[in-house]
Structures are given as C-alpha cells and as structure tokens.
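# Structural features, examined
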Amino acid sequence: RAYESFDKQTKSLTWGANLGIVWAQSINMTVSSSQNEKKNVSLPLRVAGIRIVMEDAIPSNMSYMVQNVTAYSKTLNLSTMSGQNPAPYSRRSAMPTSLIGQRNIKLDLYTFVPPVGSVGDMTATAYDAGDVAIASKSFTNVTVTSGHFHQYSGNFFSNNQSIGMESETSWIYNDERY
C-alpha cells in the first residue's frame, strides 16, 4: 500500500515522508452478488506540486537543499478530496555530485491542497557539507492547485539572486517523468 495510515472515523488517508503522485475519487455504489455492472470511474490527481527551477549553475560546494513550508498537508480527506491537518514541514534533498555545475535543476515538493488553497510561506536554503547556508530564498503565500505545478524559477546562487514566479505552468502528469 502506498499510504501510511487510514482513519475510518475521519475517512482520511495519511502518507509518510515521501508523498508522490496520488489519484483518488470517492464514489458510492451498491453491489449485489447477482449483478454484473461496469462503471467508468475518473481518477483526478489530488496532489499539487511546488517546483523550484535553479537556472544558474549548481555551485561545487552545495551539498543539500532544505525546503520549509508552513502549511504542508500529507493527509487526504476522502469526503472533501482536500488536504487536511496542514502543519509545518521540512524536507532535505541531497544534491548529487553529478549535478554540480548543471543549470535548470528542478526540485519538486508534492502536497495535498489544503482547504485554503495555500501552503503558506516557503523557504528554500542550499547548504554546503559543513551545514553552512550558501543561498536562501523565501516565498510568501504559496498557492497550489491540484494537478498543477506552482513553479518558481530564476537565479538562485548568483549575486543577482532574482528568482521570479511562474504559476501553474504545467500539469503534473504531462511532466517528462510521468
């Protein structure tokens, strides 16, 4: 099973540390043993993606990235099909040495869409092997939509540390990895 726990009382599924692509739909149907019924079921994507595209070269001293959001949701309420129990979340992603010097590196974080449609504020901080921050960006009121990436792209490490925002630029399932 892909989820960590199911709460019968609240009708909610909770994922562990690595929330990925989730399709879900809640349907009611009565089935009897004497019936042979077929029903088409649509399974919409229930996660939203937050993507950071670092357009400048990854520096040789970068070891890992930490993303912090203030209202991350890893629980899907099956009655409302929205995220519930949003809470602060921190994710650490190692930077493989094969990506050093590369440009346009994508870093994705998936969440269920909280009822308010926002994961709050987000920070992304790059660290060296000695745990010293070498670059950091802050983003306020990050809105998310099921099935879409909310993308931030630009120069992350250069002196001109401008990073712009492109909202809902692509459908998650059209991404090159799926």
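Heads up: the structure comes first, above all this text.
On a predicted model such as this, the values are computed, not experimentally measured, just so you know.

Moving on: the packing of aromatic side chains. Applying the stated criterion to the full structure yields five aromatic pairs. When the centroid spacing of 6.1 Å and the interplanar angle of 45° are considered together, the rings of Tyr 110 and Phe 149 count as tilted. In this pair, Tyr 110 is assigned in strand S8 (residues 105–112) and Phe 149 in strand S11 (residues 148–154), connecting sequence segments 39 residues apart. Among the residues examined, Tyr 110 registers a relative accessible area of 8% and is labelled buried. On the basis of relative accessibility, which here comes to 0%, the residue Phe 149 falls in the buried class. Aromatic pair Phe 156 and Phe 157: ring centres 5.1 Å apart, planes at 65°, arrangement edge-to-face. Overall, the relative accessible area of 0% leaves Phe 156 in the buried class. Seen from the ring of Phe 149, Arg 51 lies directly overhead, with NZ or CZ sitting 3.9 Å from the centre.

What follows deals with unusual backbone geometry. Of note, Asn 104 is a non-glycine position whose phi angle comes to about 60°, a positive value. Among the secondary structure elements, Asn 104 is positioned in the loop between strand S7 (87–94) and S8. Judged by relative accessible area, which is 47%, Asn 104 ranks as partly exposed.

Attention now goes to the pattern of salt bridges. Scanning all chains against the criterion turns up one salt bridge. Here Arg 51 and Asp 108 are joined by a salt bridge, their closest N and O atoms 2.8 Å apart. Of this pair, Arg 51 sits in strand S3 (residues 47–54) while Asp 108 sits in strand S8; the two residues are 57 residues apart in sequence, bridging distant segments of the chain. Residue class for Asp 108 comes out buried when judged on its relative accessible area of 9%.

Moving on to the nonpolar core. By size, the foremost hydrophobic cluster in this structure holds 26 residues, and its most contacted members are Ile 50, Met 54, Met 65, Met 122, Phe 156 and Phe 157. Listed by contribution, the elements that provide at least two residues to this core are S3, strand S4 (64–72), S8, strand S9 (122–127) and strand S10 (133–139). Not counting residues up to four positions away in its chain, the partners in contact with Ile 50 are Leu 107, Asp 108, Leu 109, Val 119, Met 122, Val 142, Val 144, Phe 149, His 150 and Tyr 152. Judged by nonpolar contacts, the second largest core, of seven residues, contains Leu 45, Val 47, Tyr 110 and Phe 112.

By the secondary structure assignment, His 150 is in strand S11. Separated by 3.4 Å, the side chains of His 150 and Tyr 152 make a polar contact.

Mapping Val 142 onto the fold places it in the loop between S10 and S11. The sequence separation of Val 142 and Gly 120 amounts to 22 residues, and the corresponding C-alpha distance is 5.5 Å. Sequence-distant contacts of Val 142, that is, excluding residues within four places in its chain, are made with Ile 50, Gly 117, Ser 118, Val 119, Gly 120, Met 122, His 150 and Tyr 152.

So, about the side chain of Ser 82. Positionally, Ser 82 belongs in strand S6 (residues 82–84). Given the relative accessible area of 17%, Ser 82 is considered buried. Reaching out from Ser 82, the side chain makes a polar contact with the side chain of Thr 80 at a distance of 2.9 Å. When near neighbours in sequence (up to four residues on either side) are disregarded, Ser 82 contacts Thr 75, Leu 76, Asn 77, Val 113 and Pro 115.

What follows covers the environment of Gln 151. Checked against the element boundaries, Gln 151 lands in strand S11. Spatially, the C-alpha atom of Gln 151 lies 9.6 Å from that of Lys 106, the residues being 45 residues apart in sequence.

Conventions we followed
Residues numbered from 1 in each chain as written. Predicted model: local features only at pLDDT ≥ 70, side-chain atom pairs only at ≥ 80, totals over all residues. Heavy atoms only, no water. Phe/Tyr/Trp six-rings, centres within 6.5 Å; stacked < 30°, edge-to-face > 60°. Helix = DSSP H or I, 4+ residues; strand = E, 2+ residues; numbered from the N terminus. Buried < 20%, exposed > 50% of the residue type's maximum accessible area, 1.4 Å probe, protein only. Lys NZ or Arg CZ within 6 Å of the ring centre and 35° of its normal. Salt bridge = Lys/Arg side-chain N within 4 Å of Asp/Glu carboxyl O. Core = buried A, V, L, I, M, F, W, Y, C linked by side-chain atoms within 4.5 Å. Contact = heavy atoms within 4.5 Å. Polar contact = N/O pair within 3.5 Å; in protein donor to acceptor, adjacent residues only side chain to side chain.

So far we have only geometry, and geometry alone does not tell us how the molecule works.
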